[in-house]
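Remarks on the overall topology
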Amino acid sequence: MNNESADTTVAELMTPNPVSVLPDDKLGLVHELMTKWSIRHVPVVDGDGNLEGLVTHRDLVRSALFAFDDLSFSEQTDFLDETSDRKSTRLNSSHTDIS
């Protein structure tokens, strides 16, 4: 750590007034916020704005994996096919022909 970073305060680096969620909000909202704001951590606050915890991108991935395990094999296959089709469409639509 150099002297300049050692002298930097947390206040200089923190995000003031971050987006946050309530404990009863759905995970879909957290995902939407993370996508919209390109963030990987969302504070969870109570009705008074007091910090109760943090939801991370890793938490969402872990939750999705557990939910995936609860699907039948055919549902898993359908999901993977749909996800693969969407990814392929995005990749093809972003391709630019430079010839």
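Residues numbered from 1 in each chain as written. Predicted model: local features only at pLDDT ≥ 70, side-chain atom pairs only at ≥ 80, totals over all residues. Heavy atoms only, no water.

Along helix H3 (residues 27-37), the residues that are buried comprise Val30, Leu33 and Met34. Down the axis of H3, the buried set is contained in an arc of 100 degrees. They therefore lie on one face. Opposite the buried face of H3, by more than 90 degrees, sit the exposed residues Glu32, Thr35 and Lys36. The positive-phi residue at the C-terminal boundary of H3 is serine 38, with phi of around 50 degrees. (Buried < 20%, exposed > 50% of the residue type's maximum accessible area, 1.4 Å probe, protein only. Helix = DSSP H or I, 4+ residues; strand = E, 2+ residues; numbered from the N terminus. Arc of directions from axis to C-beta.)

Let us now look at the pattern of salt bridges. Evaluated as defined, the whole model comprises one salt bridge. With a closest N to O distance of 3.7 Å, aspartate 59 and arginine 62 form a salt bridge. With aspartate 59 and arginine 62 both in helix H4 (residues 57-69) and three residues apart, the pair spans about one turn of that helix. Among the residues examined, aspartate 59 registers a relative accessible area of 29% and is labelled partly exposed. (Salt bridge = Lys/Arg side-chain N within 4 Å of Asp/Glu carboxyl O.)

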